[in-house]
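Overview (structure and organization)
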Amino acid sequence: MTLKYALVTPARNEEAFIEGTIRSVVAQTIRPVKWVIVSDGSTDGTDEIVKRYASEHAWIELLRMPEHRDRQFAAKAIGFTAGYDRLKHLEFDVIGNLDADITFEPDYYEFLLGKLAGAEKLGVVGTPFVELADEPGKHTYDHQFANLQHVSGACQLFRRPCFEAVGGYVPIKGGAIDWIAVTTARMKGWQTRTFTEKVCIHHRKLGTGNHSPLMVRFHYGRKAYYVGGHPVWESLRGVFQMKERPFLLGGMYFFAGYWWSCASRMPRPVSPELMAFHRGEQMARLRRVLKLSPRKAPADNLYADRQRG
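This is a predicted model, so every value here is computed, not measured.

1. Considerations on the environment of Ala181
Here Ala181 is to be found in helix 6 (residues 177–187). The sequence separation of Ala181 and Gly153 amounts to 28 residues, and the corresponding C-alpha distance is 9.7 Å. Leaving out residues up to four positions away in the same chain, Ala181 has contacts with Phe158, Val166, Gly168 and Tyr169.

Here it is in structure tokens:
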């Protein structure tokens, strides 16, 4: 039996990309029972684009949130929760979080639903995202140390009981809401998995924003501390980052971000229980990495995961 799914997309000023996302979902071989697109105070043409498609497809709904000036990661969680509340009365097995700047192939959700249908304890699934459509193999999971238990926040599918067991997305101003939800799912006994057979395309370039590539690494280091990463693992992660541009300086900035946050005692949003679980996973992965043979590679990651939200 095919699982039924619903989608929620928090969107703010996504006029340039959201039509591509809508077209991708409309073209799916298995469409959602409902898709709530939550406009988080958009001031561009986002709402008009969504309204046009909603008039053609009854399963698409626009939910308008009040306009606000400050943009923070907590807004995504608040918007998603508002959208999810519109769906609770419906019958569906899987709830999906889909960003408004993502496109994918017509069988994308059919593929992911098939993975969920084949494993009862599989609670969260997704695929890698790429930023260059003509280079589908260029993503953060394309090396032997990739952590395939991590599911990027660009497009996550939760089995509904799993999503409700973790309490949904926690509205945290500093971010990591996607990471917290997926890691909490594992802590509660669910399996989480990224499948590399397919990818989705992310159309807004991640990372730099208003920051230089070096400051991006600094912020990665800060986030590693923020979510409770183990000092040993994060130090090795900084060393491994020196293999990628901007090489030595990139790793040093990652170190600086982590240890500056430690020295300044940056507040952490994660519970002691979740931090202990996270560190336990990291140390278990490190032990496997240290036993790594040339012919066998575990699904672990010492590189910087680009986390959304």
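2. Quick look at the packing of aromatic side chains
Inspection of every chain in the model, using the stated rule, returns 15 aromatic pairs. Every member of this aromatic cluster is reached through a ring pair, and the members are Phe80, Tyr84, Phe92, Phe158, Phe163 and Tyr169. In this structure, Arg160 packs its charged tip against the face of Phe92, placed 4.0 Å from the ring centre.

3. Comments concerning the pattern of salt bridges
If you walk through the whole model with that rule in mind, you get 16 salt bridges. A salt bridge links Arg237 to Glu234; the shortest N-O distance between them is 3.0 Å. One end of the pair, Arg237, and the other, Glu234, are both in helix 8 (residues 231–241), three residues apart, so they sit about a helical turn from each other. Its relative accessible area of 10% is what places Arg237 among the buried residues. Overall, Glu234 belongs to the buried group, its relative accessible area being 2%. Here the salt bridges do not stand alone but share partners, grouping Glu14, Asp101 and Arg204 into one network.

4. Let's talk about the sheet that holds strand 7 (residues 129–130)
Taken together, three strands build an open sheet; the order of strands is 5-10-7 and the sheet is mixed. The sheet is open, and its two borders are formed by strand 5 (102–103) and strand 7, each paired with just one other strand.

5. A look at the packing of helix 7 (residues 213–226) against helix 9 (residues 247–263)
Relative to each other, helix 7 and helix 9 sit at 40 degrees, their axes nearing to 7 Å. The pairing of helix 7 with helix 9 is recorded here as oblique in orientation. Helix-helix and strand crossings are classified by hand; for helix 7 and helix 9 the assignment is right-handed. Contact with helix 7, carried on its side by Leu214, Met215, Arg217, Phe218, Tyr220, Gly221, Arg222, Ala224 and Tyr225, involves Leu249, Gly250, Gly251, Tyr253, Phe254, Ala256, Gly257, Tyr258, Trp260, Ser261 and Cys262 of helix 9 and no other residues of that element.

6. A closer look at the sheet that holds strand 3 (residues 60–65)
Taken in spatial order, the seven strands line up as 3-2-1-4-8-6-9 in an open sheet, and their pairing is mixed. In the strand order of this sheet, the two ends are held by strand 3 and strand 9 (191–194), each with one partner. Sheet twist, expressed as the average angle between the axes of neighbouring strands with direction ignored, equals 20 degrees. Pairing between strand 6 (residues 122–126) and strand 8 (residues 155–159): two bridges, direction antiparallel. From the neighbouring strand, Val124 faces strand 8, where its bridge partner is Phe158. In the packing of helix 1 (residues 18–26) onto the sheet, the strands contacted are strand 1 (5–11), strand 2 (34–40), strand 3 and strand 4 (94–98), and the crossing angle to strand 2 comes to about 170 degrees. In this fold helix 2 (residues 46–56) packs onto strand 1, strand 2 and strand 3, with an angle of close to 155 degrees to the strand it touches most, strand 3.

Conventions we followed
- Residues numbered from 1 in each chain as written.
- Predicted model: local features only at pLDDT ≥ 70, side-chain atom pairs only at ≥ 80, totals over all residues.
- Heavy atoms only, no water.
- Helix = DSSP H or I, 4+ residues; strand = E, 2+ residues; numbered from the N terminus.
- Contact = heavy atoms within 4.5 Å.
- Phe/Tyr/Trp six-rings, centres within 6.5 Å; stacked < 30°, edge-to-face > 60°.
- Lys NZ or Arg CZ within 6 Å of the ring centre and 35° of its normal.
- Salt bridge = Lys/Arg side-chain N within 4 Å of Asp/Glu carboxyl O.
- Buried < 20%, exposed > 50% of the residue type's maximum accessible area, 1.4 Å probe, protein only.
- Pairing = 2+ DSSP bridges.
- Axes fitted to C-alpha atoms, helices over the stretch in contact; angles between N-to-C directions.
- Parallel < 35°, antiparallel > 145°, perpendicular 65-115°, else oblique.
- Left-handed = near helix turned anticlockwise from the far one by under 90°.

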